[in-house]
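# Observations on the three-dimensional arrangement
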Amino acid sequence: MDASCRDWMSALPEELWDVPLTHLAIPGSHDAMSYCLDINSPLVRAESDFFRLLDGVFSCFTRPAIFRWATTQDKTIEEQLSMGIRYFDLRVAHKPNDSSSDLYFTHVIYTHVTVLETLESVAAWLEAHPKEIVILACSHFEGMDDKCHESFIWSLKKLFGSKLCPQKESALTLRSLWASGYQVILSYECQLAVRHQELWPPVPYWWANQRRAHGVMTYLDWHKDLGRPEGFFVSGLNLTADRYYITKNQKESLRTLTYSNWEYVRTWLEEQSPGSDAGSLNIIAGDFVGSLPLCSAVIALNQKLCRKNSRRMKKHY
């Protein structure tokens, strides 16, 4: 683990403390909780009836394949935090036929840890690292009705309390957030969120849905040419294999696919820049963020802002 990434926000040069977070390069975790999928749990509701039937009859084949391809991370959320991840893609759901109010994370199947016990770990980590800011992007919400949402939102407010940054906050810089004691920007992809000032709208995620790094980079470059959104947005470096490819390549996994494409991804990544320019990037998310040096590569991009500010100063004088 790179110790320099653990508290990287507080370690940034002071000249970047007044740069909006939307203009910094921030490492993110795609499907952050898939490291703890429960191989024996039901399929999520969104899966097709055909795949559900297939899984019921041939689970000895489908379950190992699901596990190989739905697992996108291999480090716990505390480890991801300590490695420098500050954006978390969190897919929340209520299990079918579950009489309890417990919520779980999902990616094809459900996790064996609950949402609240996980977020309690995040809150404890933030207590120990008071100058680090996280963006929690909650989405999907399968099997959740309005009552379930309101109960969950109440639990989130109780858990994070004064750490929650309200949407009305105008100055999203490190200096201003530190001064206010805000550490959590909570994105909530549901219409009910508009009733709560502590909840932010969904963060756009540029997902290429491509199996090869070249296809992902081409897609991201196309998006860059169109110009960046004004607020937070995510550039997803994650690769996606379709079910035909998965069926034909029994010995492969998302891990082997990600590793074999990493050098191409790294070369492209090192050429990127954060900032306010139309072609700049903000949050950069990937898979297996603990095993690959994604965090250090993304954090290092912020040095380009320092060089840009330095050139601007010299031009001014």
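Since we're looking at a predicted model, the values are computed, not measured.

### Focus: the overall build of the protein
Of regular secondary structure, the protein possesses 12 helices and 10 strands. A compact globule built from 317 residues would reach a C-alpha radius of gyration of about 20 Å, and the protein, at 20 Å, matches this within 12%. By its C-alpha atoms, the protein is 75 × 45 × 35 Å across when sized along the principal axes. A buried classification covers 54% of the 317 residues belonging to the protein. Counting contacts in the protein only where the partners sit at least 6 residues apart, residues at least 24 apart contribute 76% of the total. Surface summary for the protein: the accessible area is close to 14,900 Å², and the carbon and sulfur share equals 53%. Charge separation in the protein, taken as the distance between the mean sites of 33 positive and 37 negative side-chain charges, equals 4 Å.

### Quick notes on the UniProt feature "domain: Phosphatidylinositol-specific phospholipase C X" (unreviewed entry) in the protein
Using the residue numbers shown here, the UniProt feature "domain: Phosphatidylinositol-specific phospholipase C X" (unreviewed entry) corresponds to residues 15-189. As annotated, residues 15-189 comprises 37% helix and 20% strand, and the C-alpha atoms at either end are separated by 33 Å.

### A few points about unusual backbone geometry
The backbone of aspartate 31 shows a phi angle near 45°, a positive value even though the residue is not glycine. Structurally, aspartate 31 can be placed in the loop between strand S1 (26-29) and helix H2 (49-57). Of the residues examined, aspartate 31 reaches a relative accessible area of 3% and is grouped as buried. For phenylalanine 288, which is not glycine, the phi torsion reads 50° and is therefore positive. Along the chain, the position of phenylalanine 288 falls in the loop between strand S10 (283-286) and helix H11 (294-300). Overall, phenylalanine 288 belongs to the buried group, its relative accessible area being 1%.

### Examining the packing of aromatic side chains
This structure, assessed with the given rule, holds eight aromatic pairs. A centroid spacing of 6.1 Å and a plane angle of 90° characterise the contact between tryptophan 69 and tyrosine 245, whose relative ring orientation is edge-to-face. Of the two residues, tryptophan 69 sits in helix H3 (residues 59-70) while tyrosine 245 sits in helix H9 (residues 243-248), which places them 176 residues apart along the sequence. Judged by its relative accessible area of 9%, tryptophan 69 is buried.

### With respect to the packing of helix H8 (residues 213-226) against helix H10 (residues 254-270)
Running from N to C, H8 and H10 point in directions that differ by 20°, and their axes come no closer than 9 Å. Taken as axis vectors, H8 and H10 run roughly parallel relative to one another. Two packed elements cross with a definite hand, and for H8 against H10 that hand is right-handed. Residues Ala213, His214, Met217, Leu220, Asp221 and Lys224 of H8 form the contact with H10, whose own contacting residues are Asn261, Tyr264, Val265 and Trp268. Looking at the contact of H8 with H10, its residues break down into six nonpolar, two polar and two charged.

### Details of empty space enclosed by the protein
Evaluated as defined, the whole model comprises two cavities of 30 Å³ or more. In this structure, the largest cavity occupies an estimated 110 Å³ of space. Along the wall of the largest cavity there are 13 residues; nearest its centre are Leu237, Thr258, Trp262, Asp287 and Leu292. Here the lining of the largest cavity gets four residues from one element, more than from any other, and that element is H10. Classifying every residue of the lining of the largest cavity gives eight nonpolar, four polar and one charged. By volume, the second largest cavity amounts to about 40 Å³. Where the lining of the second largest cavity is concerned, the elements lending two or more residues are strand S2 (87-93) and strand S3 (104-107). Residues belonging to the lining of the second largest cavity are distributed by class as follows: four nonpolar, three polar and three charged.

### Quick notes on the packing of H2 against H3
Where H2 meets H3, the axes come as close as 6 Å, and the angle between the chain directions of the two elements is 115°. Classified by the angle their axes make, H2 and H3 are roughly perpendicular. Residues Phe51, Leu54, Asp55 and Val57 of H2 form the contact with H3, whose participating residues are Ser59, Thr62, Arg63 and Ile66. Its residues assigned to classes, the contact of H2 with H3 comprises four nonpolar, two polar and two charged.

### Comments concerning the pattern of salt bridges
What the rule picks out here adds up to 13 salt bridges. Here glutamate 127 makes a salt bridge to lysine 163, at a shortest N to O gap of 2.4 Å. Pair noted here: glutamate 127 is in helix H5 (residues 115-128) and lysine 163 is in the loop between helix H6 (146-160) and helix H7 (174-180), with a separation of 36 residues, a long-range link. Ionic contacts of the salt-bridge type, sharing partners, join the residues Glu14, Asp18 and Arg175 into one network.

### Here we look at the side chain of asparagine 261
Structurally, the position occupied by asparagine 261 is in helix H10. We classify asparagine 261 as buried; its relative accessible area is 15%. Those residues in contact with asparagine 261 that sit more than four places away from it in its chain are Arg211, Arg212, Ala213 and Leu239.

### Structural notes on H8
When the terminal C-alpha atoms of H8 are compared, their 20 Å separation across 14 residues agrees well with the 20 Å that a helix rising 1.5 Å per residue should span. Where H8 is concerned, the buried positions are Ala213, Gly215, Val216, Met217, Leu220, His223 and Lys224. In the core, the buried residues of H8 are packed alongside strand S8 (205-206), strand S9 (234-236) and H10. Phi turns positive one or two residues past the end of H8, at glycine 227, with a value near 100°.

The rules behind each value
- Position numbers for residues count from 1 along each chain, tracking the sequence in the order it is written.
- This being a predicted model, a pLDDT of at least 70 is required before a residue's local features are given, and a value of 80 or more before pairs of side-chain atoms are given or counted; all residues contribute to the totals for chains, interfaces and linings.
- The side-chain figures draw on all heavy atoms in the structure; neither hydrogens nor water molecules are used.
- Each helix is a run of H or I in the DSSP string that is no shorter than four residues. Each strand is a run of E no shorter than two, and both are numbered from the N terminus.
- To get the radius of gyration, use the C-alpha atoms; to get the globule rule, take the number of residues to the power 0.38 and multiply by 2.2 Å.
- The cut-offs for exposure are 20% and 50% of the maximum accessible area for each residue type, with area from a 1.4 Å probe on protein chains only; residues under the lower value are buried, those over the upper are exposed, and the others partly exposed.
- By definition in these notes, contact holds between two residues if any of their heavy atoms fall within 4.5 Å.
- Per-residue accessibility takes into account occlusion by the displayed protein chains alone, with areas from the Shrake-Rupley method and a 1.4 Å probe.
- Within this scheme the basic residues Lys and Arg register as positive and the acidic residues Asp and Glu register as negative, but His and the chain ends are omitted.
- Charged side chains are reduced to one point each, which is NZ for Lys, CZ for Arg, CG for Asp and CD for Glu.
- UniProt positions are given in the numbering used here, feature names are shortened, and annotations may be inferred rather than shown by experiment.
- Each Phe, Tyr or Trp ring, with Trp reduced to its six-membered ring, pairs with another whose centre is within 6.5 Å; inter-plane angles below 30 degrees give stacked pairs, above 60 give edge-to-face pairs, and intermediate values give tilted ones.
- To get an axis, a line is fitted to the C-alpha atoms, and for a helix only the part in contact is used. The angle between two axes follows their N-to-C directions and goes from 0 to 180 degrees.
- Working definition: roughly parallel below 35 degrees, roughly antiparallel above 145 degrees, roughly perpendicular at 65 to 115 degrees, and oblique for all remaining angles.
- Note on convention: the crossing is left-handed when the near helix lies turned anticlockwise from the far helix by less than a right angle, right-handed when the turn is clockwise.
- Ten residues, namely Ala, Val, Leu, Ile, Met, Phe, Trp, Tyr, Cys and Pro, are considered nonpolar, four, namely Asp, Glu, Lys and Arg, are considered charged, and the remaining ones, Gly among them, are considered polar.
- Lining residues are those with an atom within 4 Å of a point, where the points come from a 1 Å grid over the protein atoms alone and group into cavities, where a 1.4 Å probe fits but cannot get out, or pockets, open sets with protein on both sides within 12 Å along at least five of seven lines.
- Grid points are joined across faces, edges and corners, and a volume is the space filled by probe spheres set on the points.
- Here, a salt bridge means any side-chain nitrogen of Lys or Arg that lies within 4 Å of a carboxyl oxygen of Asp or Glu.
- Take the number of residues in a helix, subtract one, and multiply by 1.5 Å to get its expected span.

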